[in-house]
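In case you want the letters, here they are:
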Amino acid sequence: MGKSLSVPMCLSLCMLLLPFSSARANEGIADIWQLDYADVACSMLLNAAQNCSLCHTSVPEVNPYGQEIADAGFGWFVVEPLDSDGDGRTNGEEIYSDCTLPGDAISPTETTSWSHIKALYTK
Ligand SMILES: [Ca+2]
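Description of the structure in this document. (Residues numbered from 1 in each chain as written. Predicted model: local features only at pLDDT ≥ 70, side-chain atom pairs only at ≥ 80, totals over all residues. Heavy atoms only, no water.)

### Details of the pattern of salt bridges
Argument step 1. Counted according to the given criterion, the structure contains three salt bridges.
Argument step 2. Across the salt bridge formed by Arg89 and Asp87, the nearest N and O atoms sit 2.6 Å from each other.
Argument step 3. In this structure Arg89 comes out as buried when scored by relative accessible area, which is 12%.
Argument step 4. Taken together, the shared-partner salt bridges connect Asp87, Arg89, Glu94 and Asp98 into one network. (Salt bridge = Lys/Arg side-chain N within 4 Å of Asp/Glu carboxyl O. Buried < 20%, exposed > 50% of the residue type's maximum accessible area, 1.4 Å probe, protein only.)

### Here we look at the coordination of the calcium ion
Argument step 1. Coordination of the calcium ion by the protein comes from Asp83 (OD), Asp85 (OD), Asp87 (OD), Arg89 (O) and Glu94 (OE), over a distance range of 2.2 to 2.3 Å.
Argument step 2. Going along the chain, you hit the donors of the calcium ion in the pattern D-x1-D-x1-D-x1-R-x4-E. (Donors = N, O, S within 2.8 Å, 3.2 Å for Na, K, Ca; no water.)

### Concerning a nonpolar patch on the surface
Argument step 1. A surface patch of nonpolar side chains, amounting to about 270 Å² of accessible area, comprises Val40, Phe77 and Tyr96.
Argument step 2. Looking at the element boundaries, Val40 is found in the loop between α1 (2-37) and α2 (43-50). (Patch = residues over 30% accessible without salt bridge, like charges linked within 9 Å, V, L, I, M, F, W, Y side chains within 5 Å. Areas by Shrake-Rupley, 256 points an atom, 1.4 Å probe, with all protein chains shown as cover. Helix = DSSP H or I, 4+ residues; strand = E, 2+ residues; numbered from the N terminus.)

### A short note on the packing of aromatic side chains
Argument step 1. Applying the stated criterion across every chain, the model contains three aromatic pairs.
Argument step 2. With centroids separated by 4.4 Å and ring planes inclined at 35 degrees, the aromatic side chains of Trp33 and Tyr37 adopt a geometry described as tilted. Remark: Tyr37 and Trp33 occur in helix α1; sequence separation between them is four residues, near one turn of the helix. Here Trp33 and Tyr37 have matching classes, each one buried.
Argument step 3. Measuring from ring centre to ring centre gives 5.4 Å for Tyr37 and Phe77, while their planes differ by 45 degrees; the resulting arrangement is tilted. Within this pair, whereas Tyr37 is found in helix α1, its partner Phe77 is found in the loop between α3 (64-71) and α4 (91-98), the two being separated by 40 residues in sequence.
Argument step 4. Tyr37 sits in the buried class, given a relative accessible area of 0%. (Phe/Tyr/Trp six-rings, centres within 6.5 Å; stacked < 30°, edge-to-face > 60°.)

These figures come from the coordinates and say nothing about function on their own.
Rendered as structure tokens:
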């Protein structure tokens, strides 16, 4: 009798805790992404990782970059050669040099960034 009650109780408890444990796991993933790219990504991207907008449209919905990372088993280095948002620039280019969101095709491009515009007028 004791065992028959404990299994449903455990399942109920697990179902209650699952959303929280998933959220905590995702926070850990964002932290790891930040650590992996801390020396190469701009602060905008590091902040986007922290506030979840790097990979999510609205949690738990993911953007194309978040989906490809999930599909790759959270191997973000594997998806660097891909162009998740279809804007013509690889995820790696967006992260390492352009400082644009790899999951958002309408995030500013290098040619529309403030530093690029300033450079056009200082020549
Ligand atoms: Ca892209």
